[in-house]
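One-letter residues, chain by chain:
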Amino acid sequence: GDETDYNGFIPWTPKLLEEFQKQKGYDLKPYIPMWFMGKLTDQAQRAKADYYDVWSAMFATNFFDVLADWNQKNNMEDLRHIGASSVPIAMIHNEGDFFRDMRHVNVPGIDNLNRIGPGLVANWTKLASSAAHLFGRPKAWEEEGGGGGDLGKFVADYHFARGVTALQLRAGGGFGGSAISWYVNRLGYLLSIGRPAAQVAMYYPTNSVWVGDEASIDVTFKLTQQLFEHQIDFDYLDEQVLTTVGTLEGGGLKNLSGQVYRGIVIPSSTVITRAALDRLRTFAAQGGKVVFVGRT
């Protein structure tokens, strides 16, 4: 699956108003014109955030989950990435919620779009491996995972170091890459049969972007770069794992891969759900470490 998204559109489906009323308890229609009239009032921004919450859940349930179930029943794997993976803010605009979409995808993915090379920072590759780790998937996929030559090897290793284990090699131009193909297949297999071991999680502030705080994503990726530069491995942590999928165990939070997080970093954020905040309090009370950075 390649770039499944609503690029350039405001997502809509005939049942949305009905579903919105059912979930949120109020009528969305009066707020829709406000979204096209410049700066939003606080009330209109909150309604837009509620709208993102509703349509992204419908998108995940009615599209991604259906495809993944079909593949699983037919002994196939759904390899999929969404939208412009290398532009995280665009993924929230166009898909609503990356981790909701990837929850049931058999092999969560991304696409580097030629944005990986020496001297470049590309920590969004962690989105795919984090989704795989959170939801108990042994593999994470990259559409553009390397190829021939020094740059191709660099791109492959960059992904492996960040937990992406199923790489698609670019083979154009008479590429005779038997050695790199063997290397990628073998190392991808070995990494896929291991268990992720990072003990630090970085909360992904999708909710804050929904209420207009787009700077929260920039802060998140600056913090993740600091973790890398201090040799601290981590996963992005989403709302689902924090509140429903993850289990509190022995002073840590365990995901579906059996990996246990001992520390959770909350980047500069505008909002967090009450359920997530309650779970963080319980996590901390049982011995986990919670670090808020910036706005709280």
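Structure first, text after, so check above.
Analysis parameters
- Residues numbered from 1 in each chain as written.
- Predicted model: local features only at pLDDT ≥ 70, side-chain atom pairs only at ≥ 80, totals over all residues.
- Heavy atoms only, no water.
- Helix = DSSP H or I, 4+ residues; strand = E, 2+ residues; numbered from the N terminus.
- Buried < 20%, exposed > 50% of the residue type's maximum accessible area, 1.4 Å probe, protein only.
- Pairing = 2+ DSSP bridges.
- Axes fitted to C-alpha atoms, helices over the stretch in contact; angles between N-to-C directions.
- Contact = heavy atoms within 4.5 Å.
- 1 Å grid on protein atoms, 1.4 Å probe; cavity = no way out; pocket = protein on both sides within 12 Å on 5 of 7 lines; lining within 4 Å.
- Points joined across faces, edges and corners; volume = space filled by probe spheres on them.
- Nonpolar A, V, L, I, M, F, W, Y, C, P; charged D, E, K, R; others polar.

1. Some details on unusual backbone geometry
Even without being a glycine, Asn75 presents a positive backbone phi close to 55°. Structurally, Asn75 can be placed in the loop between helix H2 (42-73) and strand S1 (79-80). With a relative accessible area of 76%, Asn75 lands in the exposed category. Unlike most non-glycine residues, Gln231 shows phi in positive territory, near 60°. One can find Gln231 in the loop between helix H9 (215-229) and strand S6 (235-237). A relative accessible area of 70% places Gln231 in the exposed class.

2. Some words on the sheet that holds strand S7 (residues 247-249)
Reading across the sheet, the three strands line up as S7-S8-S9 and stay open at both edges, with antiparallel pairing between neighbours. Looking at which strands have only one partner, the edges of the open sheet turn out to be S7 and strand S9 (260-261). When strand S8 (residues 252-254) meets S9, the two strands line up antiparallel, connected through two bridges. Bridged to Leu253 within S9 is Tyr261.

3. Digging into the sheet that holds strand S11 (residues 289-292)
Sheet architecture is open: four strands sit in the order S6-S5-S10-S11, paired in parallel fashion. Sheet topology places S6 and S11 at the edges, where each strand pairs with a single neighbour. Looking at each pair of strands side by side, their axes are set apart by 30° on average, direction ignored. The strands that helix H11 (residues 274-285) touches are strand S10 (263-266) and S11; relative to S11, the one it contacts most, it runs at about 130°.

4. Re the layout of surface pockets
Computed from the structure, the largest pocket encloses a volume of approximately 460 Å³. Looking at the largest pocket, it is lined by 20 residues, and the ones nearest its centre are Asp53, Asn207, Trp210, Val271 and Thr273. Elements with a contribution of two residues or more to the lining of the largest pocket: H2, helix H4 (98-102), helix H8 (206-210) and helix H10 (239-245). Among the elements that take part in the lining of the largest pocket, H2 stands out by supplying four residues, more than any other. A class-by-class count of the residues in the lining of the largest pocket yields eight nonpolar, four polar and eight charged. For the second largest pocket, the calculated volume is near 360 Å³. What lines the second largest pocket is a set of 23 residues, among which His133, Gly163, Leu191, Arg195 and Pro196 lie closest to the centre.

5. Some remarks on the pairing of S10
For a regular strand, side-chain orientation follows a simple rule: the groups alternate between the two sheet faces. Side chains Gly263 and Val265 of S10 all project onto a buried face; the interleaved residues Ile264 and Ile266 project onto the opposite face, where all are buried too. When strand S5 (residues 200-203) meets S10, the two strands line up parallel, connected through three bridges. Each residue of the ladder has a partner; that of Met202, found in S10, is Val265. As defined by bridge partners, S10 adjoins S11 across four bridges and the pair is classed as parallel. By the bridge assignment for S11, Gly263 is matched with Lys289.

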